[in-house]
Amino acid sequence: MYIDVDADEAWERLRASRWKPPGGAAGTASRRKTYAAALEQTEQTFRAAAVVGPATCPLQVFYGLSQAGRAIAAAAVTLAGEDWRLVTHGIKASGFDRPFPDIEIRTDPPGTHGSSVLGPCLSAARAGRLRRRGHR
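Conventions adopted
- Residues numbered from 1 in each chain as written.
- Predicted model: local features only at pLDDT ≥ 70, side-chain atom pairs only at ≥ 80, totals over all residues.
- Heavy atoms only, no water.
- Axes fitted to C-alpha atoms, helices over the stretch in contact; angles between N-to-C directions.
- Helix = DSSP H or I, 4+ residues; strand = E, 2+ residues; numbered from the N terminus.
- Parallel < 35°, antiparallel > 145°, perpendicular 65-115°, else oblique.
- Left-handed = near helix turned anticlockwise from the far one by under 90°.
- Nonpolar A, V, L, I, M, F, W, Y, C, P; charged D, E, K, R; others polar.
- Contact = heavy atoms within 4.5 Å.

Chemist: Please clarify how the packing of helix H2 (residues 29-51) against helix H3 (residues 57-75) should be interpreted in this entry.
Modeler: Helix packing for two helices is described by the angle between their axes and how far apart those axes are. For the pair H2 and H3, interaxial distance at closest approach is 8 Å and the crossing angle is 160 degrees. Considering their axes alone, H2 and H3 lie roughly antiparallel with respect to each other. The chirality of how H2 crosses H3 is left-handed. Taken together, the residues that form the contact of H2 with H3 break down as 15 nonpolar, seven polar and two charged.

Chemist: Can you walk me through the packing of helix H1 (residues 7-17) against H2 in this structure?
Modeler: Where H1 contacts H2, the two axes come as close as 9 Å, and the packing angle between them is 160 degrees. If you check the angle between H1 and H2, you find them roughly antiparallel. As for the relative orientation of H1 and H2, their crossing is left-handed in sense. For the pair formed by H1 and H2, the contact residues are Asp8, Trp11, Leu14, Arg15 and Ser17 on the first element and Tyr35, Leu39, Thr42, Glu43, Phe46 and Arg47 on the second. Split into classes, the residues belonging to the contact of H1 with H2 amount to five nonpolar, two polar and four charged.

Written out as structure tokens, the structure reads:
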């Protein structure tokens, strides 16, 4: 998937979706609340990552990804019952001693309540199906 929008426009679209959540997030009050709160925290941690130093940036990105995963899970129509509730971060990071682009991010094993959504998303990003603007 490739969408040609800048970061500010993307965040604006995501903020707007908090008031009319997509998919499963529109189904129940708890899913709506989780979706909205997780998106807000995702934006805050990613924006913080953009302005902090290299020692703190990976931590901000890690927690931003965790919150993004919670929002995605809350909106996932394929997750029924309570399966959308992530009870772990769902991601592991290693290589913090390396330059930022070389830090490895992996999902928890399949079947855990942290990997149900993030695994396919990260796999798609690694395969190049999700690209940043100007990086084709």
